[in-house]
Each structure stands twice: as C-alpha cells, then as structure tokens.
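Chain by chain, the residues:
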Amino acid sequence: MNTKLFLASLMLTAVTGAFAQNMTTKQQYAADSKRATQRYNDDKRLCADAGSSSARMQCLRDAKTEYNTALAVAKQNMSSKPVAAPANARNEPVCPDCGKVLAVSVEDKEGEGGALGVIAGGVAGALLGNQVGNGTGRDLATLAGAAGGALAGHKIEQKVKTTKVWNVTVAFDNGNKQTYSFDHDPGLLSGDAVRSSGNSVVRR
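Calculation rules
- Residues numbered from 1 in each chain as written.
- Predicted model: local features only at pLDDT ≥ 70, side-chain atom pairs only at ≥ 80, totals over all residues.
- Heavy atoms only, no water.
- Salt bridge = Lys/Arg side-chain N within 4 Å of Asp/Glu carboxyl O.
- Helix = DSSP H or I, 4+ residues; strand = E, 2+ residues; numbered from the N terminus.
- Buried < 20%, exposed > 50% of the residue type's maximum accessible area, 1.4 Å probe, protein only.
- Pairing = 2+ DSSP bridges.
- Expected span 1.5 Å × (residues − 1).
- Core = buried A, V, L, I, M, F, W, Y, C linked by side-chain atoms within 4.5 Å.
- Contact = heavy atoms within 4.5 Å.

Caption draft 1: Focus on the pattern of salt bridges. By the definition in use, this model includes four salt bridges. With a shortest N-O distance of 2.4 Å, R35 and D32 are connected by a salt bridge. Here R35 pairs with D32, and both are found in helix α2 (residues 25-47), just three residues apart, close to one helical turn. For D32, a relative accessible area of 8% gives the class buried. As a salt-bridge pair, K164 and D108 come within 3.3 Å of each other at their nearest N and O atoms. With K164 in strand β2 (residues 163-172) and D108 in strand β1 (residues 98-109), the pair connects residues that are 56 residues apart, well separated along the chain. A relative accessible area of 54% places D108 in the exposed class.

In structure tokens, the structure reads:
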C-alpha cells in the first residue's frame, strides 16, 4: 500500500478512535465496522490514482486485506470486551451471611428450681416450725415453716443452678443485626469477622 493510503488510514483511525471509549459492545462494533468501511472506500479511491493497472490491482488487494483485518479485529474486540455488571449488582453484598462482631457480653442466668428443692425446703421448714409452740400454735408454725421452707428451697436451687451466658451481637454485611447466645466462651471479640452457621456464628 502506498504512503498516501497508509497516512489516510492512520489519520482516520486516530480521529474516530477517540469517540469509542464510552460505547457499549454493540455500539463499539458498529462504529468499528463503519470506520472500516469508510477506510476501505477511501482506499479504493486512492487506488484509482495508481500509475499502472498492476499497481492499482495490488492496491485494491491490499485495501481489501486491510478491510477484512479491521472487521476481524472489531469482532474480536466485541467478544473479548468485559460486560459491566449492573449498578444494583455492584451494590449487593459479596457475602450476605458474613458480618462483624459488634459486642460481646457475659451475664448470669438463673437455673430453674425443681420439685426436689421445694420438697427439701418444705420438710426442713416444717421440722423447724414444729419446734415452736404447743397445740394449735405448733400446727400453724409447722404449716408456715413448710410453706416458707418450700419457697426458700426453690430459690436456693435456682441459685445453685445459675450458669453464665455469652451474648454475641453481630452486624451483617446486608445490614441486619442479630444476637447469639452461647453457654460457653465462644472466643470472639468485638471486630472479629464471622459468618452465620445454622443458628449460630463462627469465625471466618
């Protein structure tokens, strides 16, 4: 291809290529195809000025080769250009089950008093009440002692069965917050990265 043809193609590429940066894939391909066609037509007009028929035929063959190459590059660019993710997809959390620990607190949880504490307390109270007074007074004291002993036994059993509970509050990447309770130290601290696992959370 002669120098005029080469310079014309180069200038056309430089001018039109500046407008292709913000196009979609289809728009880019359409622009590239149109640019290749325009270049091919310009090249054929330049070939008409060739000095001999053999030079003109060679120029046309070169122009056709350049045209086919430009179309092939346009198709390749269309298939290899990455597709931008929708705006709402980019805003979605990468891991909706992931989050961070906001706070960890420990509290005492009283156990539930059972029948054993009530019975034992009632018996002890009745024995103590039976030691007070005579006759009807003794009977009343026995009943009062049994009632008070039962209540005291129930409370004592609750205290004996008191356990510690670890409450872990987690803020998830999707905006939700939830508190999980553990009957043992989970080994988590504020700021730790975690993810949900069933009805609990684990470190990640």
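Caption draft 2: Looking closely at the pairing of strand β3 (residues 177-182). Where β2 lies against β3, six bridges are found, and the strand directions are antiparallel. Looking across to β3, one finds that A171 is bridged to K177.

Caption draft 3: Inspection of α2 at higher detail. Given a rise of 1.5 Å per residue, 23 residues ought to cover 33 Å, and the 33 Å separating the end C-alpha atoms of α2 matches this to within 8%. Inspection of α2 places Q28, D32, S33, R35, A36, R39, Y40, D43 and C47 among the buried residues, and these make up the whole buried set.

Caption draft 4: Spotlight on the environment of L71. Mapping L71 onto the fold places it in helix α3 (residues 53-80). Along the sequence, L71 and R35 sit 36 residues apart, while their C-alpha atoms lie 9.5 Å from each other.

Caption draft 5: Geometry of the nonpolar core. If you look at the biggest cluster of nonpolar residues, it comprises ten residues: V101, W166, V168, V170, F172, Y180, F182, L188, V194 and V201. Counting residues per element, the ones that place at least two in this core are β2 and β3. Element by element, the count of residues in this core is highest for β2, at four residues. When near neighbours in sequence (up to four residues on either side) are disregarded, F182 contacts K164, V165, W166, V168, S200 and V201. Of all hydrophobic cores here, the second largest spans five residues; its members include A36, A63, Y67 and A70.

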